[in-house]
Structures are given as structure tokens and as C-alpha cells.
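Close look at the chain arrangement
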Amino acid sequence: MKYLCLVYSDEEKLHSLPDSPEDSECQAYAESVAGSGRMLAAEALEPVSSATTVRMRGGKVTITDGPFAETKEQLAGFYLLDAGNLDEALEMASGIPAARVGSVEVRPVRQLQV
Amino acid sequence: MTDSKAGPVQLKLEEIYRAESRRVLATLIRLLGDFELAEEALHEAFAAALRQWPEEGLPDNPRAWLVSTGRFKAIDRLRRQSRQDPLTEEMAQQLESDSGDPADWAEDRVGDDHLRLIFTCCHPALSMDARVALTLREVCGLTTEEIASAFLSTPATLAQRIVRAKNKIRSAGIPYQVPSRRDLPERLDGVLRVIYLVFNEGYSASTGEELTRAELSDEAIRLGRLLNQLLPDAEVQGLLALMLLNESRRLARTDSAGELVLLEDQKRELWDRNLIAEGVQLVERALRSQRFGPYSLQAAIAAVHAEAPGVEETDWQQIVGLYDVLHRLSPSPVVALNRAVAIAMRDGPQAGLDLVEDILSGGELQDYHLAHAARADLCRRLGKLADARTSYERALELARQETEVRFLRKRLSLLE
């Protein structure tokens, strides 16, 4: 089986609590799991203020600022894409078939500061 | 340096600042890849010009001089920061090798940079508020204080909105480019929406005491002209025409007491004939292109009004026809409402009232004060005074603009 582990936190506090992890600790953990051969992918994300939401309805793409998944929408899958810039990423995101019925939040990956 | 020499150079510099600073900024953003760095570089380049030009005289190509100086200043700044942060030395080296070719700031690329700046500031991944603030700040060069007062906000709120928008441009990787041919129509439409929103906020401010804030409309028209130079598309011409034709009526829209005057009661000799002539010419060009859209059609409707000597002589048949096309092209309840009012002028108030009541029962315009005001006026013309009163009262509850409230109160009192 493959498992996706989703990390949630209060963005405001993520890096400032006494127990907050340093990027180097996250990197070390990722490397240790990778060393065991069981790591498929892991990335940190930029804050939610960098998010853009894509929906496709009736053949028309709508792009909105922010993470506007409706509360009755649940996480259903993910794509990790490599794109030259946001426009390219949005174009690929709008092609995701589920964008026709749900919404796709596009968020840049953050480079760990190590 | 003598005063007699410093004066003219300084004046010339101010003139160059007004004419060129946004274009220099646009090119610097491309070369430096960062809004903040480019703004600091722009500032330093003009400061250097202020020091050097009175001594050395004007350079042959002031804009190229400013771009080149700004770029060097940015590299210097990164070098100085690199003592604390080694990463910035890498950036400085990258910049030095990437953007050293003077052909990069040649005349023919400057227009492209200006367009890049406009499309980036109006990117759909930014909120509408952010797009408007960023466009007025970066493309028009308004200060945050000016933007804040135009939108009845505080400079701190506006400054924060602009900082957030720039952060998103950087962190989300919003590209500094003119969209691909395939995306262009839709992205251009987004730019036009920003410009029209700015115009309307200046033409009929949505809240507050003043009916209009003329500077915002002027700014929007300036933006429209700039965009038309850079990208002479039919809808760009249509929007510019629409703004000019609306603007031509500014003086007639309020009386000496500052009260709202309806189109039918306006003194048409107050309409600005020069703006009308320019607007009509642009509309005709847009319509001939066969690639026109909603802005061109709205401008065409405004042009029919502009060319009529009075309400009775207005070609209502043609106006209804244009609304029909507009409604097919971009159906909306507001367009349907305006079409109904035009039909009332052509076929009489009862025909208009039937349509307006249909639209109101559709539900979408139930909270739109102008829909109730339109119903009230049609009822009044039909002698249904009780119905007219109910609708004026509903419109009054919904109106937020002081001048409109006073206008509706007056209409209501005239029913007595």
C-alpha cells in the first residue's frame, strides 16, 4: 500500500512554537525515511497566501486568488508538477479531469532552508 | 553648477520622470526579476540623475541611461547585502551576466515591458482588490496615499494589500510576460475589467458623499489610451470609447447643487464634443473590425445617445437593437434591465414594465437599487403612483451612494 501523509498546522505558529521543527530537522527526517527506501516524495509548501484555485465548469476555466475549496469538498488526490511558472502550472491544473467537478488548489513548493 | 543651469535640467528631469518612470520600472522588473528591487533601483537611478545631469548634461537617451544606472545600482545593492547573505552575491553575479546586453533595453522592447507590467498586475491569480491597487501603484505611478483616498481606505491597508500582492507574484511564480496568443483574449478581458472598475469608481463612486472622483476616471482613460497604443485590439478601443463617451457627460451629470441629473434631463450643450468625437471614431473602428465584444457594444449605445440632440430624437430602435446583440453576446440581468428601459422608450412604459417585472421576479436583481428605481419610474409614467412609491422606497433602502439617495428621495417626494 501507499500512504499519503498530509501535514496541517496553524501557519502563523508553524515556525514559532517552542516545539516547531527547523527545516534541517525536516530534511534529516526525510533523508532517514528515504534511506529506508520507503520515501516516494516529500515537500514543504509555501504559505496559503501563495495559493491559487482553478476550476473548470462548462469548458471555461476560472482562476481565483486563495484556497477556495468549499467546506463540503474533501481532499481527493494530488499531482506534483514541474512547471516554469504559475501560468504553466495553472494550465496543467485546469486539465486535471476532476477540476470539472471539484477545485484544484495550486500551491508552490517551498525550498527547505538547510 | 549655477542655478540658471540647474533649473532647466531639473524641470526636464521632472518631465522625464512623469513620462518615463513607469516604463523604466517595467524594464527594470524584467531585468531584475523582482518588483521591490526594481523599485529601489528606479529610485536610485533618478537620484543619480538628479546629481549627475546638471553637471554632465542630459544623456542622449535618458531612458536607457536610467535603466542602465538602475541595473548597476541594483547589482551594487545586492553586493553590499552579500556581506550578510552569501546568496545575494550569486544573484548579483547572475544579474551581471544575464542582463548586460544594452539591446535588452532597446526602444522596441520597452512597449513589451510595459505590457508585461500591465498583464502581471492584472493577473487572475490576484484578488480584484489587489489587481486594482497594484495597477494604480505600479502602472499609473499613483502613491498609496492617493489610491487609499480614492477608495476611502487607509494608506496602511493599501500598502499592505500591495505588499501581499507582490509577495504572491514572487512566491507563486506569476510570470512577467504577455500571455500566449491562446490565453490573450481572456487575460486581456481581465485587464479591461480592472481599467473599467477604476473608471467606474471615479465616475459613479459606489459609496460616499461625492458622486464622482474625477482623478480615477482620468487615470483609467490614460490607462485605456496606453493599452490601445500597446495592443490596439477592438475591445480595447471599445472600452476606451465607452469611457470617453461616459466622461463626455461628466459636467452635465450633476447640477450646480451637486445633485444627480438623469440622462433625459441633462443639458446636452454641456457634453464635451471633443471626447464624443474621439469616442465615436473609436467605436466605429471597433465595430468595423468585426471582432468587437461587450465593451464596443456598450460604447456604441453611448454613441447613439451622444449623437442625439435630445431624448425624443434618440434612435431608440437602434439602441434596442444594440442591447439585443449585447444580451446575446454576454447575457446578464443588468443588460436585460437596460434593454427593458430602452424598450420602454421605444414602445411605451407598459412594454418596459412587463419586462422589468419579469427580470425582478427572476430574483437576481432584487437587491439592485436601480432595478427598483426603474420599476418605480415606469409605474410613475403609467400613473400607478402607489406601486411607484413602493419601488422608490425599496430602491432607497438599497442605495448606498449619498447623491443617489437624495435623488431617489426627491423622486419619491414628487409623487405626493
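Analysis parameters
Residues numbered from 1 in each chain as written. Chains lettered and ligands numbered in written order. Predicted model: local features only at pLDDT ≥ 70, side-chain atom pairs only at ≥ 80, totals over all residues. Heavy atoms only, no water. Helix = DSSP H or I, 4+ residues; strand = E, 2+ residues; numbered from the N terminus. Buried < 20%, exposed > 50% of the residue type's maximum accessible area, 1.4 Å probe, protein only. Contact = heavy atoms within 4.5 Å. Areas by Shrake-Rupley, 256 points an atom, 1.4 Å probe, with all protein chains shown as cover. Pairing = 2+ DSSP bridges. Axes fitted to C-alpha atoms, helices over the stretch in contact; angles between N-to-C directions. UniProt positions renumbered as here; feature names shortened; annotations may be inferred. Phe/Tyr/Trp six-rings, centres within 6.5 Å; stacked < 30°, edge-to-face > 60°. Lys NZ or Arg CZ within 6 Å of the ring centre and 35° of its normal. Domains from an automatic or database assignment. Buried area = accessible area lost by both parts, 1.4 Å probe. Salt bridge = Lys/Arg side-chain N within 4 Å of Asp/Glu carboxyl O. Patch = residues over 30% accessible without salt bridge, like charges linked within 9 Å, V, L, I, M, F, W, Y side chains within 5 Å. Lys, Arg positive; Asp, Glu negative; His and termini not counted. Charge placed at Lys NZ, Arg CZ, Asp CG, Glu CD. Parallel < 35°, antiparallel > 145°, perpendicular 65-115°, else oblique. Left-handed = near helix turned anticlockwise from the far one by under 90°. Nonpolar A, V, L, I, M, F, W, Y, C, P; charged D, E, K, R; others polar.

Below, the discussion takes up the overall build of chain A. Along chain A, the regular secondary structure elements total 2 helices and 5 strands. Each helix and strand of chain A, ordered N terminal to C terminal, gives the series α-β-β-β-α-β-β. If one aligns the C-alpha atoms of chain A with their principal axes, the spans along those axes are about 45 × 30 × 30 Å. Out of the 114 residues belonging to chain A, those deemed buried represent 23%. Counted over contacts in chain A with a minimum sequence separation of 6, partners at least 24 positions apart contribute 64%. Roughly 8600 Å² of accessible area belongs to chain A as shown, and the carbon and sulfur atoms make up 56% of that amount.

To continue, consider the sheet that holds strand β4 (residues 104-106) of chain A. Sheets are built from strands paired through backbone hydrogen bonds, the pairs being either parallel or antiparallel. Residues and elements named next belong to chain A. Pairing in this open sheet of 3 strands is antiparallel, and the strands run β3-β2-β4 from one edge to the other. Two strands bound the open sheet, and with one partner strand each, they are β3 (60-65) and β4. Along the sheet, successive strands turn relative to each other by an average axial angle of 25 degrees, direction set aside. Sheet topology note: the strand β2 (residues 52-57)/β4 ladder contains 3 bridges and is antiparallel. By the bridge assignment, T53 is partnered in β4 with E105. Against the sheet, helix α2 (residues 86-94) contacts β2, β3 and β4, and its axis sits at roughly 40 degrees relative to β2.

What UniProt calls "domain: RNA polymerase sigma-70 region" (unreviewed entry) maps, in this numbering, to residues 16-83 of chain B. Helix makes up 87% of residues 16-83 of chain B and strand 0%, whereas the separation of the span's terminal C-alpha atoms amounts to 35 Å.

Residue and element names in this part refer to chain B. The final tally for this structure, using the stated rule, is 5 aromatic pairs over all chains. On the basis of an interplanar angle of 70 degrees and a centroid distance of 5.1 Å, the ring pair of W53 and W65 is categorised as edge-to-face. With W53 in helix α2 (residues 35-56) and W65 in helix α3 (residues 62-81), the pair connects residues that are 12 residues apart, well separated along the chain. Between Y196 and F199 the ring centres are 6.4 Å apart and the planes differ by 10 degrees, which places this aromatic pair in the stacked class. Here Y196 and its partner F199 are both found in helix α9 (residues 184-203), 3 residues apart, which amounts to about one turn of the helix. Of the aromatic side chains, those joined through ring pairs into one cluster are Y196, F199 and Y295. Above the ring of W271, the side-chain terminus of R249 is found at 5.8 Å from the ring centroid.

As a further point, take the domain arrangement of chain B. Accessible area lost on assembly of the parts is the figure often given for the size of an interface. Here the domain parsing of chain B yields domain 1 (3-105) and domain 2 (328-416). Computed over C-alpha atoms only, the centres of domain 1 of chain B and domain 2 of chain B are separated by 56 Å.

A word on the interface of chain A and chain B. Counting residues at the interface gives 17 residues for chain A, matched by 15 residues for chain B. Together, the buried faces of chain A and chain B total about 1100 Å²; carbon and sulfur atoms form 48% of this surface. If you sort the residues of chain A by the area they bury against chain B, A:D65, A:L86 and A:D87 come out on top, with a joint share of 41%. Close ionic contact of A:D65 with B:K168 constitutes a salt bridge, the shortest N to O distance being 2.9 Å.

Residue and element names in this part refer to chain B. Relative to the assigned elements, C121 resides in helix α5 (residues 107-121). When the C-alpha positions of C121 and V132 are compared, they lie 8.0 Å apart, and in sequence the two are 11 residues distant. Excluding residues within four positions of it along the chain, C121 makes contact with F35, L126, R131, L134, T135, E138 and V139.

Turning next to the pattern of salt bridges. Residue and element names in this part refer to chain B. Tallied over the entire structure, the rule returns 32 salt bridges over all chains. Note that R77 and E40 form a salt bridge whose closest N and O atoms lie 3.4 Å from each other. Within this pair, whereas R77 is found in helix α3, its partner E40 is found in helix α2, the two being separated by 37 residues in sequence. On the accessibility criterion, E40 (31% relative accessible area) is partly exposed.

The grouping of B:E145, B:E146, B:E215 and B:D218 at the surface amounts to a negative patch. In this structure, B:D218 sits in helix α10 (residues 214-230).

Let's shift gears to the packing of α3(B) against helix α4 (residues 86-98) of chain B. Residues and elements named next belong to chain B. Where α3 meets α4, the closest approach of the two axes is 8 Å, and the angle between their N-to-C directions is 155 degrees. Taken together, the axis directions place α3 and α4 in an arrangement best described as roughly antiparallel. Relative to α4, the crossing made by α3 is left-handed. Across the interface between the two elements, R71, I75, L78, R79 and Q81 of α3 pack against T88, E89, M91, A92, Q93, L95 and E96 of α4. Residue composition of the contact of α3 with α4, grouped by class: 5 nonpolar, 3 polar and 4 charged.

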